[in-house]
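# Structural overview
Given next are the chains, with one letter for each unit.
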Protein chains: 2
Amino acid sequence: MLEPDLAAALRSELGTEGLIESGADLRYYASDRCKGDWPVAPAAIALPSTIEQVQTIARLCSARRVAIVPSGGRTGLTGAATAIANELVVSLARMNRILAVDPASRLIRCEAGVTVQAVQEAAAAHSLSYPIDYAAKGSAHIGGSIATNAGGVKVLRYGLTREWVQGLDVVLIDGECLRISGELVKNNTGYDLRQLFIGSEGTLGIIVGATLKLCRPAAATLVALVALANDDAVLELFTRLRAGPLTLSAYECFDRGCYERVVDHRTRASTKPLSELGDRQVLIELELASEAEREPTRDALVELFELAVQDGLIEDATVAHNDATARELWAWREDISESLHPHTPHKADIAVPIGKVAVFLQRWRKAVGEALPGIEALVFGHIGDGNLHLNLLCPPELDGREFLARCHQFDSTSYALVRDVGGSVSAEHGIGLLKREYLGHTRSAREIALMRAIKQSFDPHGLLNPGKVFLPA
Amino acid sequence: MLEPDLAAALRSELGTEGLIESGADLRYYASDRCKGDWPVAPAAIALPSTIEQVQTIARLCSARRVAIVPSGGRTGLTGAATAIANELVVSLARMNRILAVDPASRLIRCEAGVTVQAVQEAAAAHSLSYPIDYAAKGSAHIGGSIATNAGGVKVLRYGLTREWVQGLDVVLIDGECLRISGELVKNNTGYDLRQLFIGSEGTLGIIVGATLKLCRPAAATLVALVALANDDAVLELFTRLRAGPLTLSAYECFDRGCYERVVDHRTRASTKPLSELGDRQVLIELELASEAEREPTRDALVELFELAVQDGLIEDATVAHNDATARELWAWREDISESLHPHTPHKADIAVPIGKVAVFLQRWRKAVGEALPGIEALVFGHIGDGNLHLNLLCPPELDGREFLARCHQFDSTSYALVRDVGGSVSAEHGIGLLKREYLGHTRSAREIALMRAIKQSFDPHGLLNPGKVFLPA
């Protein structure tokens, strides 16, 4: 519930369609995809159409000490865009215009509420590419993707969202709008404030617009699927692939259990992609500079695989011979999340140094076996970045609540193992509400103190997305 | 002069060779390459060999409220590494070890005092590349290059130093050492403090070590030199080159005057690289994915040039036919700085949005003609990034001091013109002491206030490189 005078002021600024105070939409706009043990309790939803309206909202809330939750496409997985204590949700959904594409500079300027997919499509219309790519791109907003520094399946080749942000427009809690760097490629004038907003999950300001870098798309790609016996072999194959001149754009691993769940989930019959499945599968994508490189690159890859078979490193491999088979191979990786969904998996998105992947997974699987007998552990992820998605599946005979309680208890073991190998408790999903208590596993007490000091400088009254990232002091 | 008890404590920690209190080396270590109207006045030079020694130095200075100037290869061009008021200079020169190269992760770990060139060489030994490249690389330290977010000739293709820093070790003013991210590719756990230290010019902490990303080197390159009539033509050719599938790795412009100074400066006879010189020359480098691409790429480039000649866009062009001629073409660009040196040029390193290059230069040249009659204005730079190096040359008949006084006065006009097109008063050299008064031309009052608040959080007593970046409050 908003105070009546604030509601009136917002209605006057945004029109009646720009303020939602009740009904199904109130709840719809008030949370992301992470459902946790917290309430969903928004005061109202504001839907501004312009930067000036966002500034007015910030000023009105700031004067009344009303907290704000910035909201994008609500595809986040940590509760960072969820209103939990009568905050005003500020959705950027109506600020969804592409403002300009400059092919010479390879830049695109857009409002924060544009989807990642819309940016990709606008780039493609100029034969350019926005290479940040992930399953939720059709819903995820550019603003949210910047606020969470989104990753995805091409990080190995193109990095995280951070590397593609050239300029940023951000409304501060008192309503001032910073317009940082704009179209400047180079701007070495003091501290790079852009970088603070990137990945800050709406706790320092409301991202309202961005200028993003674009690149030339890959001329062609070559896709392969490989079966291996264990994580050591997965890492050794990665090392061999990186030693040569091939350009890896994806190196995605999934274990036998993931494969089996995809088979179970499919309504159509699946052709087994490999004659011999391994305990691990790796989906490999290579970028080609031109179509002319396809045959020599395929030959080089097949030769590398043959040597790896001789060395006992891999068990089987297949290289896609056309686009349709390439898509089929990708589908074995891409369908995993959806296929696990009926098993209400308990997930953890973590990262470890690449050299520590095998030892970490050995310890983690052992710990699951000891602490959670009868619960199946499945792992997939962007293993070329050291980024693992750990999944625990609820057995049919176990009560859902009991399962979740055991999993939550086990989280502290999982994240302690991550900490012990110098890993990150959140590789690409962020902290939000979900992982606040584990922030100290990856960031030192001093780092957290510096982060809190920065938060205090930007938002002295703690009105921007309170309770996210940090545990209450 | 150090207080005797601090000098004794430092000598005890560092040994007599680790502390310089007098003699020529005192001055040698106390400034960078920028000589301005400020004193060079260090208290002493500390030369630690370990992170622990840097921590001890910070603790000793912090307790006594003694200021510190972190110092790398001293190749900076803004006075950022100059001691001006009895500070202790902490040189990282002895911390010059490469610690590890990991070819699979494509990472190199090193101490801060390693030169950029040494990192390049260590990478090359593993058939990898550290692609940040600039003339001072043989002297510039990795620590200093990170603290200034160094750019160089390949930014168009590889970005600034920021994009290549994976992990960072930083000693804070109270002696605590932050070890941020290490080997983690992905780590979305709150604010990215690394990014604050990058480009902070030693005002937030002392960078003592880094983990840097590496990449595959280009298989081959193709180099060309083109003559054009004016800046509009330079930008139109850039647009045409970027529209195609070619991979530009350099697009460097220099005007006729720069060319003539290089001819004057050379002791050997120079063969004119083009039959027709233009008022502008552009050095173009393209990256090739393989040697096999050389002939088709050359054909495509020649075809593009022929069309540009027909359209009246370019006046002449030559494509290097082997490595030796490629190096000769590059030398016309690389020799400019040294060739201008005898003319004691007054320089400005600025950036503007690429679309504003022509209009900015037109206004700037007109302003020079009006305000500085008889003074020659030469421009070269990384024009593909919108990064221009503006040079004013002292005429033989003018007294050096009078020249500098006039130039300094004209700076305010230059930087106002930069501001008016949304440009940056420092593209890649930073702010240091030289440009403090113009910081507000590129950063808003609020941005500067936020930067000062961050500085206060990291360094509450203002002991880290005081007076740099910000004007005294």
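Figured I'd write up the structure that's included with this text.

The rules behind these values
Residues numbered from 1 in each chain as written. Chains lettered and ligands numbered in written order. Predicted model: local features only at pLDDT ≥ 70, side-chain atom pairs only at ≥ 80, totals over all residues. Heavy atoms only, no water. Helix = DSSP H or I, 4+ residues; strand = E, 2+ residues; numbered from the N terminus. Expected span 1.5 Å × (residues − 1). Buried < 20%, exposed > 50% of the residue type's maximum accessible area, 1.4 Å probe, protein only. Polar contact = N/O pair within 3.5 Å; in protein donor to acceptor, adjacent residues only side chain to side chain. Salt bridge = Lys/Arg side-chain N within 4 Å of Asp/Glu carboxyl O. Disulfide = S-S within 2.5 Å. Least-squares fit on C-alpha atoms with pLDDT ≥ 70 in both. Contact = heavy atoms within 4.5 Å. Pairing = 2+ DSSP bridges. Axes fitted to C-alpha atoms, helices over the stretch in contact; angles between N-to-C directions. Buried area = accessible area lost by both parts, 1.4 Å probe. Parallel < 35°, antiparallel > 145°, perpendicular 65-115°, else oblique. Left-handed = near helix turned anticlockwise from the far one by under 90°. Phe/Tyr/Trp six-rings, centres within 6.5 Å; stacked < 30°, edge-to-face > 60°. Lys NZ or Arg CZ within 6 Å of the ring centre and 35° of its normal.

The subject of this paragraph is helix α8 (residues 231–243) of chain A. Residue and element names in this part refer to chain A. In this model, α8 (13 residues) spans 19 Å end to end at C-alpha, consistent with the 18 Å of a helix rising 1.5 Å per residue. Burial in α8 covers these residues: D231, A233, V234, L235, L237, F238, L241 and R242. In this structure N230 caps α8, since a side-chain oxygen of it lies 3.2 Å from the backbone nitrogen of D232.

A few words now on the pattern of salt bridges. What the rule picks out here adds up to 60 salt bridges over all chains. Two residues, E176 of chain A and R446 of chain B, come together in a salt bridge whose shortest N-O distance is 3.1 Å. Separated into two different chains, E176 of chain A in the loop between β7 (165–171) and β8 (177–180) and R446 of chain B in helix α16 (residues 445–458) make up a pair that spans both. D279 of chain A is paired through a salt bridge with R256 of chain A; the nearest N and O atoms lie 3.0 Å apart. Here D279 of chain A is found in the loop between α9 (256–265) and β12 (280–288), whereas its partner R256 of chain A is found in helix α9, with 23 residues between them in sequence. Since its relative accessible area comes to 36%, D279 of chain A is described here as partly exposed. For R256 of chain A, a relative accessible area of 30% puts it in the partly exposed group.

So, on to the state of the cysteines. The term disulfide refers to a covalent linkage connecting the sulfur atoms of a pair of cysteines. All names here are of chain A. A complete count under the given rule lists 0 disulfides over all chains for this structure. Free of any disulfide, C34 has its nearest cysteine sulfur in C407, 14 Å distant. Free of any disulfide, C253 has its nearest neighbouring cysteine sulfur in C258, separated by 8.6 Å.

So, on to the relation of the copies chain A and chain B. For these two chains of identical sequence, chain A goes onto chain B by a turn of 180° and a shift of 0.0 Å along the axis, with RMSD 0.0 Å. This pairing of chains is accounted for by a two-fold axis. Most of the interface of chain A is mirrored in chain B, where 100% of its interface residues are also at the interface.

It is worth spelling out the side chain of S249 of chain A at this point. As for its placement among the helices and strands, S249 of chain A is situated in strand β11 (residues 247–255). Ignoring any residue separated from it by four or fewer positions in sequence, one finds S249 of chain A in contact with V153, K154, L156, R157, E285, L286 and E287 of chain A.

Quick look at the sheet that holds strand β1 (residues 19–20) of chain A now. Residue and element names in this part refer to chain A. Pairing in this open sheet of 4 strands is mixed, and the strands run β1-β2-β4-β3 from one edge to the other. Looking along the sheet, the strands with just one partner apiece sit at the ends: β1 and β3 (68–71). Bridging between β3 and strand β4 (residues 88–91) involves 4 bridges; their strand directions are parallel. Bridge pairing links P70 to V90 in β4.

Residue and element names in this part refer to chain A. Spatial strand order, β5-β6-β9-β7-β8: 5 strands in an open sheet with antiparallel pairing. Whereas interior strands pair on both sides, the edge strands pair on one side only; in this sheet they are β5 (98–102) and β8. When strand polarity is set aside, the average angle formed by the axes of neighbouring strands in this sheet is 10°. As paired elements, β7 and strand β9 (residues 206–213) share 6 bridges and run antiparallel to each other. The residue of β9 that forms the bridge with L168 is A210.

What follows concerns the interface of chain A and chain B. The partner chain B presents 76 residues to the 75 residues of chain A that form the contact. Interface area, chain A with chain B, both sides summed: about 6200 Å², of which 55% is carbon and sulfur. Among the residues of chain A in contact with chain B, K186, N188 and Y191 of chain A are the three that bury the most area, contributing 17% of the side total. Taken together, chain A and chain B are joined by 12 salt bridges. Two residues, K186 of chain B and D385 of chain A, come together in a salt bridge whose shortest N-O distance is 3.3 Å. Of all the secondary-structure elements, those providing two or more residues to the side of chain A that touches chain B are β8, α7 (193–197), α8, α15 (439–442) and α16 (445–458) of chain A.

Our focus in this paragraph is the pairing of strand β4 (residues 88–91) of chain B. Residues and elements named next belong to chain B. Burial of the side chains of β4 extends over both faces: L88 and V90 are buried on one face and V89 and S91 on the other. Here strand β2 (residues 44–46) runs beside β4; their pairing, made up of 3 bridges, is parallel. From the neighbouring strand, A46 faces β4, where its bridge partner is V90.

This part is about the packing of helix α13 (residues 357–371) of chain A against helix α14 (residues 400–420) of chain A. Residues and elements named next belong to chain A. Orientation of α13 relative to α14, taken along the N-to-C sense of each, is 160°, at an axis distance of 10 Å. As far as their axial angle goes, α14 and α13 are roughly antiparallel. Helix-helix and strand crossings are classified by hand; for α13 and α14 the assignment is right-handed. Residues F360, R363, W364, A367, V368 and A371 of α13 form the contact with α14, whose participating residues are F410, T413, S414, L417 and V418.

Bringing the packing of aromatic side chains into the picture now. All names here are of chain A. What the rule picks out here adds up to 14 aromatic pairs over all chains. A ring pair is formed by F197 and F458, whose centres lie 5.5 Å apart and whose planes are at 85°; its orientation type is edge-to-face. Here F197 is found in helix α7, whereas its partner F458 is found in helix α16, with 261 residues between them in sequence. For F197, a relative accessible area of 1% corresponds to the buried category. One Lys or Arg, R74, reaches over the ring of Y28 and ends 4.4 Å from the middle of that ring.

Residue and element names in this part refer to chain B. Secondary-structure assignment places D231 in helix α8 (residues 231–243). For D231, a relative accessible area of 8% corresponds to the buried category. Filtering out sequence-adjacent residues up to four positions away, D231 remains in contact with R280, A358, L361 and R365.

The two faces of a sheet get side chains in turn, since along a regular strand they alternate between them. All names here are of chain A. Of all 9 residues in β12, 9 are buried; the element is thus mostly enclosed. The alternating pattern of β12 places R280, V282, I284, L286 and L288 and Q281, L283, E285 and E287 on opposite faces, both of which are buried. As paired elements, strand β10 (residues 220–228) and β12 share 9 bridges and run antiparallel to each other. Looking at the pairing, V223 lines up with E285 of β12. Sheet analysis places β11 next to β12, joined by 8 bridges and oriented antiparallel. Residue pairing across strands places C253 opposite V282, the latter belonging to β12.

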